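Topology and contacts: notes
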Amino acid sequence: MNHGESLMVTIAIMKSAISVTGLSKKYAEHFAVENASFEVPTGTICGFIGPNGAGKTTTIRALLGLIKPTSGSLTVLGSQNPHEYLSKIGAMIEGPSFYPLLSGAANLKVLADLGGIESDRVISLLKLVGLEERANSKFKTYSLGMKQRLGIAAALLPDPQLLILDEPTNGLDPNGILEMRNLIKKLASGGKTIFVSSHLLAELEAICDNVVMIKDGKIIYSGSTKELVSNRESNGIFIEPEYAVDLNKLVKALENAGFNFKIEKLEIEVYADSTAAPHLNRLAFENGITLKRISERRATLEETFFEMVSE
Ligand code: ATP
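Everything quoted here is computed from the prediction, not taken from an experiment. (Residues numbered from 1 in each chain as written. Predicted model: local features only at pLDDT ≥ 70, side-chain atom pairs only at ≥ 80, totals over all residues. Heavy atoms only, no water.)

In the vicinity of the ligand, the contacting residues are Tyr27, His30, Ala32, Pro51, Asn52, Gly53, Ala54, Gly55, Lys56, Thr57, Thr58 and His199. Measuring from an oxygen atom of the ligand, one finds a backbone N or O atom of glycine 55 at 2.9 Å. The protein chains hide 58% of the 640 Å² of surface that the ligand would expose on its own. Of all elements in the fold, only β2 (30-41) and α2 (56-63) reach the threshold of two or more residues within the shell around the ligand. With 3 residues, the single largest contributor to the shell around the ligand is α2. Taken together, the residues of the shell around the ligand sort by class into 4 nonpolar, 7 polar and 1 charged. (Near = heavy atom within 4 Å. Polar contact = N/O pair within 3.5 Å; in protein donor to acceptor, adjacent residues only side chain to side chain. Areas by Shrake-Rupley, 256 points an atom, 1.4 Å probe, with all protein chains shown as cover. Helix = DSSP H or I, 4+ residues; strand = E, 2+ residues; numbered from the N terminus. Nonpolar A, V, L, I, M, F, W, Y, C, P; charged D, E, K, R; others polar.)

Before going further, it helps to examine unusual backbone geometry. The backbone of glutamate 167 sits at a positive phi, close to 55 degrees, despite the residue not being glycine. Checked against the element boundaries, glutamate 167 lands in the loop between β6 (162-166) and α7 (174-189). Among the residues examined, glutamate 167 registers a relative accessible area of 13% and is labelled buried. The backbone of lysine 265 sits at a positive phi, close to 55 degrees, despite the residue not being glycine. (Buried < 20%, exposed > 50% of the residue type's maximum accessible area, 1.4 Å probe, protein only.)

Okay, helix α5 (residues 121-128) next. Within α5, burial applies to Val122, Leu125 and Leu126. Down the axis, α5 shows its buried residues gathered within 100 degrees of arc, on one side only. Among the exposed residues of α5, those pointing more than 90 degrees away from its buried face are Ile123 and Lys127. In this fold, the buried residues of α5 make contact with α4 (104-114) and α6 (144-156). Looking one or two residues past α5, glycine 130 carries a phi angle of roughly 75 degrees, positive in sign. (Arc of directions from axis to C-beta. Contact = heavy atoms within 4.5 Å.)

Turning our attention to the side chain of asparagine 107. Looking at the element boundaries, asparagine 107 is found in helix α4. The class for asparagine 107 is buried, based on a relative accessible area of 2%. Polar side-chain contacts of asparagine 107 include one of 3.3 Å to the backbone oxygen of leucine 102. Setting aside its immediate chain neighbours within four residues, asparagine 107 contacts Phe98, Tyr99, Leu102 and Phe139.

On to the pattern of salt bridges. Scanning the entire structure with this criterion turns up 10 salt bridges. The partner of aspartate 159 in a salt bridge is lysine 192, and the shortest N-O contact between them spans 2.9 Å. Residue aspartate 159 is located in the loop between α6 and β6, and its partner lysine 192 is located in the loop between α7 and β7 (193-197); the two are separated by 33 residues in the primary sequence. Relative accessible area serves as the criterion here: at 14%, lysine 192 is assigned to the buried category. (Salt bridge = Lys/Arg side-chain N within 4 Å of Asp/Glu carboxyl O.)

This part is about the packing of aromatic side chains. Inspection of the entire model under this criterion finds 6 aromatic pairs. Ring geometry for phenylalanine 98 against phenylalanine 139: centres 5.1 Å apart, planes inclined by 55 degrees, an arrangement best described as tilted. Linking phenylalanine 98 in the loop between β5 (89-92) and α4 with phenylalanine 139 in the loop between α5 and α6, this pair joins segments that are 41 residues apart in sequence. Through a chain of ring-to-ring contacts, the aromatic side chains of Phe38, Phe48 and Phe195 assemble into a single cluster. Between lysine 147 and the ring centre of phenylalanine 139, over which it is positioned, the NZ or CZ distance is 5.3 Å. (Phe/Tyr/Trp six-rings, centres within 6.5 Å; stacked < 30°, edge-to-face > 60°. Lys NZ or Arg CZ within 6 Å of the ring centre and 35° of its normal.)

Taken in spatial order, the 3 strands of this open sheet run β2-β1-β4, and their pairing is antiparallel. The outermost strands of the open sheet, each flanked by one partner alone, are β2 and β4 (71-76). Averaged over all pairs of adjacent strands, the angle between strand axes in this sheet comes to 15 degrees, irrespective of strand direction. Judged from the 8 bridges that link them, strand β1 (residues 16-27) and β2 form a sheet pairing that is antiparallel. Across the sheet, the residue bridging to lysine 26 is phenylalanine 31, located in β2. The strands touched by α2 are β1, β2 and β4; relative to β1, the strand with the most contacts, the crossing angle is about 115 degrees. (Pairing = 2+ DSSP bridges. Axes fitted to C-alpha atoms, helices over the stretch in contact; angles between N-to-C directions.)

The structure is reproduced here in structure tokens:
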């Protein structure tokens, strides 16, 4: 490899923490994952979403070297060899399992010893995941949220550059979900790349720069969360006249101008994208109507997801 090529490889490594190309996994006659390609940019939080049985766990298991792909390639942290990259990634899949009678701290110490990791990290990791006050309580006394956070602390033991989390919010109550969200954001702000699968799409929308969407084993979207959501047709604009008596006049003006809309009490939802906002403002003004509100209605990731999987 000459200097130019090695520079290109280095740039590629920096760009994507995970690069999946044409990944397929076939069980008997059925493709669990079929020709999947996507990238997870370094230093981002990337959500992995799809209906039940779409192929998320299969993809994650392939990334972790737990199953051998039928075809395709996986590059993780610049390497295609799981033996090389596994020591640089942390993972929590299918709920963490720990010794129930040992404390959180003792469980982490056991794992640190097994992995040849300095046990000094245990205390700082327990602090990072917000378990310092319960560090010496038995694991079996932990709430589900605490168990999940201990699972993340375990995944962080080798100080990984990449964290892969399969359903970390599974079964958590709203408070547990919020704690998990804050923890994931904190980890990402410290420079780690996080690839996280979840069925809680509002959660993913709140934290993920990027999303990868999979359906029937095929990738149907991979890229920026914002771009995905802002490009959907279901976006609209809410307008509300300052005075209720102007509602009918406003409706007439919208009809004459050829807009499609829906009336909800005193508010009108106009089916148009954000570029129509100045036009609506002008239309109201020309008809002697002042608007109390003109605001964009953005489709949520959840609505976008349901539209896309039903397409
Ligand atoms: P969920 O959200 O329900 O966890 P998932 O997206 O993680 O689903 P996978 O567990 O990857 O989906 O499964 C994808 C498909 O592959 C499913 O149809 C599943 O039944 C099938 N599958 C997974 N593992 C095996 C296996 N070991 N043998 C046969 N089929 C399998």
